[in-house]
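Now for the letters of each chain:
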Amino acid sequence: GFGVGLALALGSSAFIGSSFVLKKKGLLRLCRRGRARAGQGGHAYLREWLWWAGLLCMGVGEAANFAAYAFAPATLVTPLGALSVLVSAVLSSTFLNEQLNVHGKIGCLLSILGSTVMVIHAPQEEEVSSLESMAEKLKDPGFIVFAVCVLVSSLLLIFVAGPRYGQSNVLVYVLVCSAIGSLSVSCVKGLGIALKELFSGKPVLKEPLGWVLLVCLVICISIQINYLNKALDIFNTSVVTPVYYVLFTTAVMMCSTILFKEWQHMVLDNIIGSISGFLTIVSGIFLLHAFRDMPFTPNLLPLFLQPGRADPHPPWSSGDRHQSCQHQPLLPSEDKGSQRKEEEEEE
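Since we're looking at a predicted model, the values are computed, not measured.

Criteria and thresholds
- Residues numbered from 1 in each chain as written.
- Predicted model: local features only at pLDDT ≥ 70, side-chain atom pairs only at ≥ 80, totals over all residues.
- Heavy atoms only, no water.
- pLDDT = per-residue confidence, 0-100.
- Contact = heavy atoms within 4.5 Å.
- Core = buried A, V, L, I, M, F, W, Y, C linked by side-chain atoms within 4.5 Å.
- Buried < 20%, exposed > 50% of the residue type's maximum accessible area, 1.4 Å probe, protein only.
- Helix = DSSP H or I, 4+ residues; strand = E, 2+ residues; numbered from the N terminus.
- Patch = residues over 30% accessible without salt bridge, like charges linked within 9 Å, V, L, I, M, F, W, Y side chains within 5 Å.
- Areas by Shrake-Rupley, 256 points an atom, 1.4 Å probe, with all protein chains shown as cover.
- Salt bridge = Lys/Arg side-chain N within 4 Å of Asp/Glu carboxyl O.
- Axes fitted to C-alpha atoms, helices over the stretch in contact; angles between N-to-C directions.
- Parallel < 35°, antiparallel > 145°, perpendicular 65-115°, else oblique.
- Left-handed = near helix turned anticlockwise from the far one by under 90°.
- Nonpolar A, V, L, I, M, F, W, Y, C, P; charged D, E, K, R; others polar.
- Phe/Tyr/Trp six-rings, centres within 6.5 Å; stacked < 30°, edge-to-face > 60°.
- Disulfide = S-S within 2.5 Å.

Here we take up the confidence of the model for the protein. A low pLDDT score tells you not to read the predicted coordinates there in detail. On average, residues of the protein score 76 in pLDDT, and 77% of them are at 70 or above. The low-confidence segment residues 315-331 (pLDDT under 50) makes six contacts with residues lying over four places distant or belonging to another chain.

And the structure:
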């Protein structure tokens, strides 16, 4: 299960990272044509083939992600989404002319390293092998409280914060996608269990829970697509993708911890490793987001690192070097002369 889940998660990251770029490309073409923008409530992107190509890539990636959740724990699959950040950032700088400075490259590298650490120390979830056990977990009071909090906060973000701050703050629409996405992962996990039972010959189609999970998954994905399009239309892809990853991973970890009790039997080194890996990812995303508009030219490098200006001979070895400040007189010569006159007058 680990190898299959790992391969599916890697393929999912590649497709999802490409889908962000294709969608953004389609939205930019619509903007040049003067069509109603998605950030302003327009849906002209439904007639753009590039947007549909991006949606197809996202569908393939999500399908691979769907299968990965059926073979591996959520806290193993979700951190590998950092690779989609790298794919999206590289493709955006290549095809969308969005600059990725050295801070962004270091941030992408830190995200990958943090994800690797999280995978190594991933907690083990409680075994859920049937829809009956999944139904028992969904009835847990802790998960019910979490789901209610997610729904209420999403409604407040959509109807209160969205009209006021949605055009200026990237967190508004991305938070909606992330919060709803945590519930969609739970639905995906339950549907994966249902498919396993279906292939084993059990009468899963008669169980109402499977259909309820399917309907909830369709609703959650529809909301995610709508508000993710708004965020992509307003902000750069290199900003939306990493912020979405951090918030989505956080929400999924919280949901999986509450629903599948993944952290109950972890030893101390795995807890520290998981937290350290996640903080490394957050640090990388901060570098990628906070310094995205800061130009980093070769002139900002030290002199010996600047291309074409490196001096093979250090300045202190040249014959016409300036005298070091440690050997320069503390006072200029004129000040020294006036000081001597004052001393003579006093004598």
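Picking up where we left off.
Turning next to the nonpolar core. One broad trend across soluble globular proteins is that nonpolar side chains are buried collectively. Core analysis: the largest hydrophobic core is formed by 62 residues, its most contacted members being Phe20, Met134, Leu138, Val174, Leu183, Leu228 and Val240. Contributions of two or more residues to this core are made by helix H1 (2-32), helix H2 (49-71), helix H3 (74-77), helix H6 (131-138), helix H7 (141-165), helix H8 (171-199), helix H9 (208-234) and helix H10 (237-260). For this core, the leading source of residues is H8, giving 14 residues.

Below, the discussion takes up a nonpolar patch on the surface. Where nonpolar side chains cluster on the molecular surface, the patch consists of Ile144, Val148, Val152, Leu155, Leu156, Phe159 and Val160 and spans about 650 Å² of accessible area. Checked against the element boundaries, Ile144 lands in helix H7. Judged by relative accessible area, which is 41%, Ile144 ranks as partly exposed.

Attention shifts here to the packing of H8 against H9. One way to put it is that H8 packs onto H9 with a least axis distance of 8 Å and a crossing angle of 155°. The pairing of H8 with H9 is recorded here as roughly antiparallel in orientation. Crossing geometry of H8 relative to H9 is assigned as left-handed. Tallied by class, the residues present in the contact of H8 with H9 amount to 19 nonpolar, five polar and one charged.

The next point concerns the pattern of salt bridges. What the rule picks out here adds up to one salt bridge. Close ionic contact of Glu197 with Lys202 constitutes a salt bridge, the shortest N to O distance being 3.9 Å. The exposure class of Glu197 is buried, given its relative accessible area of 7%.

Let's shift gears to the packing of helix H4 (residues 82-95) against helix H5 (residues 102-120). At a minimum axis separation of 8 Å, H4 and H5 run at an interaxial angle of 160°. Judged by the inter-axis angle, H4 sits roughly antiparallel to H5. Handedness of the H4/H5 crossing: left-handed. Counting all contacts with H4, which are made through Ala82, Leu83, Leu86 and Ala89, the residues of H5 involved are Cys108, Ser111, Ile112 and Ser115. Each residue belonging to the contact of H4 with H5 can be placed in one class, and the counts come to six nonpolar, two polar and no charged.

Once that is clear, we can look at the packing of aromatic side chains. Working definition: an aromatic ring pair is given by the centre-to-centre distance plus the angle between the planes. Under the defined criterion, the tally for this structure stands at two aromatic pairs. With a centroid separation of 5.6 Å and an interplanar angle of 20°, the aromatic rings of Tyr244 and Phe248 are classed as stacked. Within this pair, Tyr244 and its partner Phe248 are both found in helix H10, separated by four residues, close to a single helical turn. The burial state of Tyr244 is the same as that of Phe248; both residues are buried.

Before going further, it helps to examine the environment of Ile219. The topology assignment puts Ile219 in helix H9. Residue class for Ile219 comes out partly exposed when judged on its relative accessible area of 48%. Taking the C-alpha atoms as reference, Ile219 lies 8.8 Å from Ser184; in sequence the two are 35 residues apart.

With that settled, the discussion passes to the environment of Asn226. Tracing the sequence through the fold places Asn226 in helix H9. Judged by its relative accessible area of 25%, Asn226 falls in the partly exposed class.

Below, the discussion takes up the state of the cysteines. Enumeration over the complete set of coordinates arrives at zero disulfides. Cysteine Cys220 shares no disulfide, and the gap to the nearest cysteine sulfur, in Cys187, comes to 5.1 Å. Given a relative accessible area of 9%, Cys220 falls into the buried group. Of all cysteine sulfurs in the structure, the one in Cys187 sits closest to Cys255, which takes part in no disulfide; the separation is 8.9 Å.

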